[in-house]
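# Notes for the structure review
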Amino acid sequence: MTVTPRTGGVAIALACALAVGVLVLLPLNGVQSISLPAAAHILPSLLVILGVGLLDDLFGLRPAQKLAGQTLAAALAFAGGVQLHGLAGYELAPAWSLPLTVIWLLGCTNAFNLIDGLDGLAAGVGLFASMTMLTAGLLQNNAELAMATAPLVGALLAFLRYNFNLASIFLGDSGSLTVGFALGCLGAQQFVTEFETAAAALPIGGTSGP
């Protein structure tokens with residue numbers, strides 16, 4: 001009996017990290033738009049959510065433990081600058097920003113986790129969402145959004161080659177949680193300026209920053 005690896009999230013994370021490194025080194029016009037300090041601020045939250053998923057894949061975590069880890073990652077992302085300031089076109093009071101940002105990120109993260117049941121489904125939805133954001137960035141001449149989503153598009157596209165039926169590797173929680181969380185961060189950031197754009201790109205509605 002062949003055991004199928006469930007740590008696809010590690011491969012996607014490494015592929016994205018390598019792609020970002022190559023992009024930074026290339027003499028492209030849009031590279032200077034990438035704010036490395038800003039990206040570094042949300043890196044701890046991405047590492048936490050990846051770690052939570054990996055621990056669940058390898059050892060199994062209780063639902064309360066997974067939720068606690070996800071909440072910690074969302075709080076770290078908020079501290080790193082991923083903050084909702086508006087909802088459906090309405091400005092939020094500052095006191096609502098933290099809880100709604102955490103709820104938004106938890107919703108996006110677990111939406112992807114819930115659909116990770118069929119070969120290629122979650123990775124395919126993630127690819128569609130990231131391609132939608134990449135297209136929005138290109139149409140809006142938003143180089144930062146395009147540069148942020150292009151590595152994820154490439155990583156998911158390559159991963160799908162091995163994830164379709166019969167899959168030789170699964171996303172696992174390390175993949176589904178991380179992809180959902182990353183797309184949630186992008187949707188909450190000021191990268192997406194229109195509520196409708198975020199809603200079309202993500203699996204559970206959307207909102208935008210200022």
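All of the points below concern the structure found in this document. All values reported here derive from a predicted model rather than from experimental measurement.

The subject of this paragraph is the packing of helix 3 (residues 63–79) against helix 7 (residues 172–188). Relative orientation of the contacting elements helix 3 and helix 7 amounts to 30 degrees, with a least axis distance of 12 Å. As far as their axial angle goes, helix 7 and helix 3 are roughly parallel. Regarding helix 3 and helix 7, the two cross each other, and that crossing is right-handed. Contacts between helix 3 and helix 7 involve Lys-66, Gln-70, Ala-73, Ala-74 and Ala-77 from the first element and Asp-173, Leu-177, Phe-181 and Cys-185 from the second. Split by residue class, the contact of helix 3 with helix 7 holds 6 nonpolar, 1 polar and 2 charged.

For the rest of this paragraph, the subject is the packing of aromatic side chains. On inspection of all chains with the given rule, the structure shows 0 aromatic pairs. Above the ring of Tyr-162, the side-chain terminus of Arg-161 is found at 5.1 Å from the ring centroid.

With that out of the way, let us pick up the packing of helix 5 (residues 121–139) against helix 6 (residues 143–163). It is the contact of helix 5 with helix 6, at a shortest axis distance of 8 Å, that shows an interaxial angle of 155 degrees. The pairing of helix 5 with helix 6 is recorded here as roughly antiparallel in orientation. As helix 5 runs across helix 6, the sense of the crossing is left-handed. Side by side, helix 5 and helix 6 meet where Ala-123, Gly-124, Gly-126, Leu-127, Ser-130, Met-131, Met-133, Leu-134, Ala-136, Gly-137 and Leu-138 of the first sit next to Leu-145, Ala-146, Thr-149, Ala-150, Leu-152, Val-153, Leu-156, Leu-157, Phe-159, Leu-160 and Asn-163 of the second. In terms of residue class, the contact of helix 5 with helix 6 is made up of 16 nonpolar, 6 polar and no charged.

Moving on, we get to the side chain of Thr-101. Among the secondary structure elements, Thr-101 is positioned in helix 4 (residues 94–114). On the basis of relative accessibility, which here comes to 0%, the residue Thr-101 falls in the buried class. Residue contacts for Thr-101: discarding those within four places in its chain leaves Phe-78, Val-82, Gln-83 and Leu-84.

Assignment of secondary structure puts Asp-56 in helix 2 (residues 36–58). A relative accessible area of 16% places Asp-56 in the buried class. Engagement of the side chain of Asp-56 in a polar contact is seen with the side chain of Lys-66, the distance being 3.5 Å. Contact partners of Asp-56, with chain neighbours within four places excluded, come to Leu-61, Lys-66 and Asp-173.

Glancing now at the nonpolar core. One finds Ile-12, Ala-123, Leu-152, Leu-156, Phe-159, Leu-171 and Leu-183 to be the most contacted residues of the largest nonpolar core, which totals 23 residues. Elements that contribute at least two residues to this core include exactly helix 1 (8–25), helix 5, helix 6 and helix 7. With 8 residues, helix 6 is the largest single contributor of residues to this core. In this structure Ile-12 touches Leu-152, Ala-155, Leu-156, Phe-159 and Leu-171, once residues within four positions along its chain are discounted. In terms of nonpolar packing, the next biggest core, distinct from the first, is built from 18 residues, Leu-84, Leu-92, Val-102 and Trp-104 among them.

For the rest of this paragraph, the subject is a nonpolar patch on the surface. On the surface, Leu-18, Val-22 and Leu-26 cluster together to form a nonpolar patch covering roughly 270 Å² of accessible area. In this structure, Leu-26 sits in the loop between helix 1 and helix 2.

Definitions and limits used
Residues numbered from 1 in each chain as written. Predicted model: local features only at pLDDT ≥ 70, side-chain atom pairs only at ≥ 80, totals over all residues. Heavy atoms only, no water. Axes fitted to C-alpha atoms, helices over the stretch in contact; angles between N-to-C directions. Helix = DSSP H or I, 4+ residues; strand = E, 2+ residues; numbered from the N terminus. Parallel < 35°, antiparallel > 145°, perpendicular 65-115°, else oblique. Left-handed = near helix turned anticlockwise from the far one by under 90°. Contact = heavy atoms within 4.5 Å. Nonpolar A, V, L, I, M, F, W, Y, C, P; charged D, E, K, R; others polar. Phe/Tyr/Trp six-rings, centres within 6.5 Å; stacked < 30°, edge-to-face > 60°. Lys NZ or Arg CZ within 6 Å of the ring centre and 35° of its normal. Buried < 20%, exposed > 50% of the residue type's maximum accessible area, 1.4 Å probe, protein only. Polar contact = N/O pair within 3.5 Å; in protein donor to acceptor, adjacent residues only side chain to side chain. Core = buried A, V, L, I, M, F, W, Y, C linked by side-chain atoms within 4.5 Å. Patch = residues over 30% accessible without salt bridge, like charges linked within 9 Å, V, L, I, M, F, W, Y side chains within 5 Å. Areas by Shrake-Rupley, 256 points an atom, 1.4 Å probe, with all protein chains shown as cover. Salt bridge = Lys/Arg side-chain N within 4 Å of Asp/Glu carboxyl O.

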